[in-house]
Amino acid sequence: MSTIADNIAQVAERIRNACQATQRDPHGVQLLAVSKTKPAAALREAYAAGLRDFGENYLQEALGKQQELADLPLSWHFIGPIQSNKTRAIAEHFAWVHSVDRLKIAQRLSEQRPADLPPLNICIQVNVSGEASKSGCSPADLPDLASAISALPRLQLRGLMAIPEPTEDRAAQEAAFAAVQALNNQLRDSLKLPLDTLSMGMSHDLEAAIAQGATWVRIGTALFGARDYSQS
């Protein structure tokens, strides 16, 4: 039975191979361990194997783990849908938020980010596949949203996040990720913003995401195994 350390090594090799195939520097792709529904002990094991960045979707679950793991220097990323009544705790307890898709949420995060903490790193979630069931800003609304967020204090707009429609077709995967990269480049050029982040790619499609410029790949199942939602 593989351990979390074994799984991390295998994912790291996939990242290296994907970077080599597209002549990218592996240091330009960071691994975000998606740890939702996993116990704090699993995160501690991942930390021992070298991981420092953990992505959580459920606020109360994440806050509990943060307490249990307060002795470790972890960087916490919020990657799930955000309700207005959850913004204060997110602003106070996370270093990154990958899932901002409307201005109201960004404004609340800005107002509620403690002054003694560094600016909160923000990615705008874009619904690149146009799925009605998915969160995310539409590509058409993206320029106005990015411009407004970039002007808010206590936030640092870093780039885009996307969860394209699942497919096993590599060409379709790359096309979706290429669209996200193009949107990010357009924003950077038109708004003169130093956008350096593309949060895209998961266990099944990280190679395609890396081929199209991903800087964070969000990996859960390949690291920790299938999720147990009864525990979340």
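Relevant structure appears above.
Residues numbered from 1 in each chain as written. Predicted model: local features only at pLDDT ≥ 70, side-chain atom pairs only at ≥ 80, totals over all residues. Heavy atoms only, no water.

**Examining the environment of alanine 106**
This is how it is decided: Only DSSP runs of H or I covering at least 4 residues are called helices, and only runs of E covering at least 2 are called strands; the numbering of each starts at the N terminus. Categorising residues by exposure relies on relative accessible area from a 1.4 Å probe, with only protein chains included: less than 20% of the type maximum marks a residue as buried, more than 50% marks it as exposed, and the intermediate range marks it as partly exposed. By definition, residues are in contact when any of their heavy atoms lie within 4.5 Å.
Locating alanine 106 in the fold gives a position in helix α5 (residues 103-112). Taking the relative accessible area as the measure of exposure, alanine 106 reaches 0% and is therefore buried. For alanine 106 and isoleucine 124, which are 18 residues apart along the polypeptide, the C-alpha to C-alpha distance reads 9.4 Å. With sequence-adjacent residues up to four places away left out, alanine 106 is seen in contact with Val100, Ile149, Leu152 and Leu155.

**Let's talk about the environment of glycine 28**
Position of glycine 28 among the secondary structure elements: in the loop between α1 (4-21) and β1 (30-34). Under the relative-accessibility criterion, glycine 28 is labelled partly exposed at 32%. Put simply, glycine 28 and isoleucine 210 are 182 residues apart on the chain and 9.6 Å apart in space, counted from C-alpha to C-alpha. In this structure glycine 28 touches Ala214 and Thr215, once residues within four positions along its chain are discounted.

**Some words on unusual backbone geometry**
Negative phi characterises most residues that are not glycine, and trans characterises most peptide bonds. At threonine 37, a residue that is not glycine, the phi angle is positive and equals roughly 70°. On the accessibility criterion, threonine 37 (6% relative accessible area) is buried. Of note in this structure, arginine 154 is not a glycine but carries a positive phi near 70°. Within the fold, arginine 154 resides in the loop between α6 (142-150) and β6 (155-161). Looking at arginine 154, the relative accessible area reads 26%, which means it is partly exposed.

**Looking at α1**
Stated precisely, the cut-off is as follows: How far a helix is expected to stretch is found by multiplying one less than its residue total by 1.5 Å. The directions considered for the arc run from the helix axis to the C-beta atoms.
Counted at 1.5 Å a residue, the expected span for α1 with its 18 residues is 26 Å, and the 26 Å between its end C-alpha atoms agrees. All buried positions along α1 are accounted for by Ile4, Asn7, Ile8, Val11, Ile15, Ala18 and Cys19. The buried residues of α1 all sit within an arc of 110° when viewed along its axis, so they share a single face. α1 presents Gln20 and Ala21 as exposed residues on the side facing more than 90 degrees away from its buried surface.

**Some points on the packing of aromatic side chains**
Formally: In summary, the pairing rule links any two rings of Phe, Tyr or Trp, Trp by its six-membered ring, whose centres are within 6.5 Å, and it sorts them by plane angle into stacked for under 30 degrees, edge-to-face for over 60 and tilted for everything else.
Applying the stated criterion across every chain, the model contains 3 aromatic pairs. Residues phenylalanine 54 and tryptophan 76 carry aromatic rings whose centres are separated by 6.2 Å and whose planes lie at 40° to one another, so their mutual orientation is tilted. Pair noted here: phenylalanine 54 is in strand β2 (residues 53-56) and tryptophan 76 is in strand β3 (residues 75-78), with a separation of 22 residues, a long-range link. Since its relative accessible area comes to 0%, phenylalanine 54 is described here as buried. Seen from their ring centres, tryptophan 96 and tryptophan 216 are 5.7 Å apart, and the 75° between their planes marks the pair as edge-to-face. With tryptophan 96 in strand β4 (residues 96-100) and tryptophan 216 in strand β8 (residues 216-219), this pair connects stretches of sequence that are 120 residues apart.

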